[in-house]
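Below, each chain spelled out in residue letters.
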Amino acid sequence: RIRAGAPARSYGEFSADVAGTAAVVRDPTGRPVASIAVNLPATRSSDEVLRSLDRAVLHAATDIEHALRVDADGKVEVTPALNSRLQYGDGIKP
């Protein structure tokens, strides 16, 4: 479980040689709608590196949260400012 405002860390949970940190992205009503994560080889991780990445993912999640809105039907929408910065994969439409 991820505490509000706190990153989640992983040490070898997905793969023995991978460490990482992640933050939840919430819509304006507080519902979790996405996450942002950074993973790296465990051999390159340290508490200092992960603390730096914690700050980066939390900052990115906050930036995304500020660019989301909920329409009258409860659908989450991305503001035009964020949408212009997003990159969509093949077959994914904004």
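Every value quoted in this text rests on a predicted model; they were computed, and no experiment measured them.

About the thresholds
- Residues numbered from 1 in each chain as written.
- Predicted model: local features only at pLDDT ≥ 70, side-chain atom pairs only at ≥ 80, totals over all residues.
- Heavy atoms only, no water.
- Salt bridge = Lys/Arg side-chain N within 4 Å of Asp/Glu carboxyl O.
- Helix = DSSP H or I, 4+ residues; strand = E, 2+ residues; numbered from the N terminus.
- Buried < 20%, exposed > 50% of the residue type's maximum accessible area, 1.4 Å probe, protein only.
- Pairing = 2+ DSSP bridges.

Caption draft 1: The arrangement of the pattern of salt bridges in detail. Throughout the structure, instances matching the rule amount to 4 salt bridges. Residues Asp54 and Arg9 are paired through a salt bridge, measuring 2.6 Å at the closest nitrogen-oxygen approach. Here Asp54, found in helix α1 (residues 47-66), pairs with Arg9, found in strand β1 (residues 8-11); they are 45 residues apart in sequence, far enough to count as distant. On the basis of relative accessible area, Asp54 is assigned to the buried category, the value being 9%. With a relative accessible area of 27%, Arg9 lands in the partly exposed category. The partner of Arg69 in a salt bridge is Glu77, with the nearest N and O atoms 3.2 Å apart. Under the relative-accessibility criterion, Arg69 is labelled partly exposed at 38%. Linked by salt bridges that have partners in common, Arg9, Asp47 and Asp54 make up one network.

Caption draft 2: Seen up close, the pairing of β1. Of the strand pairs in this sheet, β1 and strand β2 (residues 18-26) are connected by 4 bridges, and their pairing is antiparallel. Bridging from a neighbouring strand, Arg9 pairs with Thr21 of β2. Taking the residues between adjacent antiparallel strands as the criterion, β1 and β2 are bridged by 6 residues, where Gly12 takes a positive phi near 70°.

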